[in-house]
Amino acid sequence: MALFATMASQKSEEFRLRSFRLRGERMTKAQAGAIDEYLGEFEIPLNHPIELSKIFPKDRYKEIVCEIGSGMGEASSQIAFENPESGYLAVEVHKPGIGALLIRANNLGIKNLRVINEDIYLVLRDYTPDSSFDAFHIFFPDPWPKRRQHKRRLLSPEFIETLAAKLKPGGRINIATDWQPYAKEIESNFAKSKSFNGGVIQRPTWRPLTKFESKGLGKEHLVTDLQYFKN
Ligand SMILES: C[S@@+](CC[C@H](N)C(=O)[O-])C[C@H]1O[C@@H](n2cnc3c(N)ncnc32)[C@H](O)[C@@H]1O
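In this report, we go over the structure that sits alongside the text. (Residues numbered from 1 in each chain as written. Predicted model: local features only at pLDDT ≥ 70, side-chain atom pairs only at ≥ 80, totals over all residues. Heavy atoms only, no water.)

Quick word on the overall build of the chain
Secondary structure summary: the chain contains nine helices and seven strands in total. Scaling as 2.2 N^0.38, a compact globule of 231 residues should have a C-alpha radius of gyration of about 17 Å, and the chain matches this with 17 Å. Structurally, the chain occupies a C-alpha span of about 45 × 40 × 40 Å along its principal axes. For the chain, buried positions account for 46% of its 231 residues. Residue pairs in contact within the chain that sit at least 24 positions apart in sequence constitute 80% of those at least 6 positions apart. When the accessible surface of the chain is totalled, it reaches about 12600 Å², and 53% of it is carbon and sulfur. (Helix = DSSP H or I, 4+ residues; strand = E, 2+ residues; numbered from the N terminus. Rg over C-alpha atoms; globule rule 2.2 N^0.38 Å. Buried < 20%, exposed > 50% of the residue type's maximum accessible area, 1.4 Å probe, protein only. Contact = heavy atoms within 4.5 Å. Areas by Shrake-Rupley, 256 points an atom, 1.4 Å probe, with all protein chains shown as cover.)

A short note on the packing of helix α6 (residues 120-127) against helix α7 (residues 157-166)
The N-to-C vectors of α6 and α7 enclose an angle of 45 degrees; their axes lie 11 Å apart at closest approach. One finds that α6 runs oblique with respect to α7. Here the hand of the crossing between α6 and α7 comes out left-handed. Contact with α6, carried on its side by Ile120, Tyr121 and Leu124, involves Phe159, Thr162, Leu163 and Lys166 of α7 and no other residues of that element. Grouping the constituent residues of the contact of α6 with α7 by class yields five nonpolar, one polar and one charged. (Axes fitted to C-alpha atoms, helices over the stretch in contact; angles between N-to-C directions. Parallel < 35°, antiparallel > 145°, perpendicular 65-115°, else oblique. Left-handed = near helix turned anticlockwise from the far one by under 90°. Nonpolar A, V, L, I, M, F, W, Y, C, P; charged D, E, K, R; others polar.)

Things to note about the site of the ligand
Taken together, 18 residues surround the ligand, and among them Ser19, Gly69, Glu92, Asp119 and Phe139 come closest. Residue Ser19 places a side-chain N or O atom 2.8 Å away from a nitrogen atom belonging to the ligand. Within the side chain of Asp119, an N or O atom sits 2.9 Å from a nitrogen atom of the ligand. Summarising the interface, the protein chains cover 94% of the accessible area of the ligand, which totals 600 Å² for the free molecule. (Near = heavy atom within 4 Å. Polar contact = N/O pair within 3.5 Å; in protein donor to acceptor, adjacent residues only side chain to side chain.)

What to know about the environment of Ile116
Relative to the helices and strands, Ile116 resides in strand β3 (residues 113-116). The class of Ile116 is buried, set by a relative accessible area of 1%. Sequence spacing of Ile116 and Thr177 is 61 residues, and the spatial spacing of their C-alpha atoms is 23 Å. What Ile116 contacts, discounting residues up to four positions off in sequence, is Ile44, Leu46, Ile50, Leu89, Ala90, Val91, Glu92, Ile98 and Val123.

Considering the pairing of strand β1 (residues 64-68)
For β1, the tally of buried residues reaches five of five residues, placing the bulk of the element in the interior. Judged by which residues are buried, β1 turns out to be covered on both faces: Ile64, Cys66 and Ile68 on one side and Val65 and Glu67 on the other are all buried. Across five bridges, β1 lies against strand β2 (residues 87-91) in parallel orientation. In the strand pairing of β2, Ile64 is matched with Gly87. (Pairing = 2+ DSSP bridges.)

Here it is in structure tokens:
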């Protein structure tokens, strides 16, 4: 009843199921310390549209890459560290994950990384102009395995078109998932889109192994990597 009341009170086009689990914000002492000490240095505040070309100027940075759902920041920190010529933006709703990423970024002395602790739908809809990014990385998006949860999956046909709008011409998306039915759905959603070409690829050597992936491999999950280019 309460859920219906909430839904009815919002315009239907504004109602959206969350693609993430609400997990609370309990952090380790180190994560909380990193938020206090380094968030100001790395965070992009969401009070007006983000001017990525000012944050990562063209004369210094080859590309601007956004990781959606950076989790504990293992992949984003490692990739940013190994590619200082590109600018990286990590977007993650889970604050302890942002804390973990800040610890790594500080330990590695990373300068080419910024973070946003918010829902990517809002970040893209309200704060980033079209043609902002050269690439998106989406590693192990929540698989939502139960049938009734499928509509919470991030890579819906609508969201794929949002990504197309936010990519520069020729931009790309790299995705990895260890949930085979989701991999199939991702392939089928991209195949229906006129905005992209691509498909399954071999695991890129530059994609770091995260704890999340290791857990899946431990359960003998097959990992699928996919890559799409904007037409
Ligand atoms: C299964 S985890 C994978 C994390 C990481 N990419 C890795 O490989 O270890 C998925 C992450 O996506 C985040 N996430 C899901 N939906 C999101 C959204 N709409 N905006 C920002 N982050 C989101 C979740 O909070 C979670 O940390």
